[in-house]
Amino acid sequence: MAAEDRALLTRDRRLLMHSIVRLGYCPRSTDAEEQTREVLRRFRLTGDSGHSPPYTRCLRCNALLQSVPKSEVLDPLSAEPLTLHYYHDFRRCTGCGRIYWPGTHIEKLAARLARVQANVLRYEPEDHLE
Ligand SMILES: [Zn+2]
């Protein structure tokens, strides 16, 4: 976090008090979707100017994803014949090389994002206590 100048997100308040932490946040909620809303609000990542569109960063290393033709994933996904049969839109992480495609989980993920975005601007009284 310090080496990459990133914010630390944790519910461990003692960890946040460590002198090496320059920018940190402790979500109040224990619910993952509400925590996401808290972080979007805290770092002003709401609206058109703030956040990057979904499905553009690697879940493992956070580098940008790049569209790649199917021909380039035939070898790395050779152990996934059903994936290669049913999917045609692939992206590769520019950092670690991990390959992504809109698999069966994409509808659940899209629904979760819609719920987060629908309520992210909701008035939160606790925001005024800081
Ligand atoms: Zn990656």
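Coordinates for the structure precede this section.
Residues numbered from 1 in each chain as written. Predicted model: local features only at pLDDT ≥ 70, side-chain atom pairs only at ≥ 80, totals over all residues. Heavy atoms only, no water.

For the zinc ion, the full set of protein donor atoms is Cys58 (SG), Cys61 (SG), Cys93 (SG) and Cys96 (SG), and the range of their distances to it is 2.2 to 2.4 Å. Residue Cys61 is classed as partly exposed on the basis of its relative accessible area, which comes to 31%. (Donors = N, O, S within 2.8 Å, 3.2 Å for Na, K, Ca; no water. Buried < 20%, exposed > 50% of the residue type's maximum accessible area, 1.4 Å probe, protein only.)

Turn by turn, an α-helix covers 3.6 residues, leaving residues three or four places apart pointing in a common direction. Within the span of helix α2 (residues 32–42), buried status applies to Glu33, Glu34, Arg37, Glu38, Val39, Leu40 and Arg41. Against the buried residues of α2 lie β1 (8–9), β2 (24–25) and α5 (106–119). Where α2 begins, the capping side chain belongs to Asp31, and its oxygen is found 3.2 Å from the backbone nitrogen of Glu33. In the stretch just after α2, Arg44 is the one whose phi turns positive, near 50 degrees. (Helix = DSSP H or I, 4+ residues; strand = E, 2+ residues; numbered from the N terminus. Contact = heavy atoms within 4.5 Å. Polar contact = N/O pair within 3.5 Å; in protein donor to acceptor, adjacent residues only side chain to side chain.)

Tallied over the full model, the rule gives two aromatic pairs. Between the aromatic rings of Tyr25 and Phe43, the centroid separation amounts to 6.3 Å while the plane-to-plane angle is 80 degrees, which identifies the pairing as edge-to-face. Taken together, the residues Tyr25 in strand β2 and Phe43 in the loop between α2 and α3 (47–50) connect sequence positions 18 residues apart. Residues Phe90 and Trp101 carry aromatic rings whose centres are separated by 6.2 Å and whose planes lie at 55 degrees to one another, so their mutual orientation is tilted. (Phe/Tyr/Trp six-rings, centres within 6.5 Å; stacked < 30°, edge-to-face > 60°.)

Our focus in this paragraph is the sheet that holds strand β5 (residues 99–100). The strand order across the open sheet built from three strands is β3-β4-β5, with neighbouring strands paired in antiparallel fashion. Unpaired on one side and paired on the other, β3 (65–68) and β5 mark the two borders of the sheet. With four bridges connecting them, β3 and strand β4 (residues 90–93) associate as antiparallel partners. Following the sheet pairing, Ser67 is matched in β4 by Arg91. (Pairing = 2+ DSSP bridges.)

Turning to the pattern of salt bridges, a few remarks are in order. One pass over the full model with this rule turns up eight salt bridges. Among the ionic pairs, Arg22 bridges to Asp5, the shortest N-O distance being 2.9 Å. In this pair, Arg22 is assigned in the loop between α1 (13–16) and β2 and Asp5 in the segment before β1, connecting sequence segments 17 residues apart. Summarising the burial analysis for this pair, Arg22 and Asp5 share the class exposed. When salt bridges with common partners are traced through the structure, they connect Glu33, Glu34, Arg37, Arg41, Arg112 and Arg115 into a single cluster. (Salt bridge = Lys/Arg side-chain N within 4 Å of Asp/Glu carboxyl O.)

Before going further, it helps to examine the nonpolar core. Counting residues in each nonpolar core, the largest one holds seven residues, listed as Val68, Val73, Leu77, Leu84, Tyr87, Phe90 and Ile99. Once you skip the residues sitting within four places of it in the chain, Leu84 turns out to touch Lys70, Val73, Leu74, Leu77, Ser78 and Phe90. (Core = buried A, V, L, I, M, F, W, Y, C linked by side-chain atoms within 4.5 Å.)

Time to look at the environment of Arg112. Here Arg112 shows up in helix α5. Take Arg112: its relative accessible area is 44%, and that puts it in the partly exposed class.

What follows covers the environment of Gln35. With respect to the helices, strands and loops of the structure, Gln35 is situated in helix α2. With a relative accessible area of 21%, Gln35 lands in the partly exposed category. Measuring from C-alpha to C-alpha, the distance between Gln35 and Val116 comes to 9.5 Å, with 81 residues separating the pair along the chain. Residue contacts for Gln35: discarding those within four places in its chain leaves Arg11, Pro27, Ser29 and Thr30.

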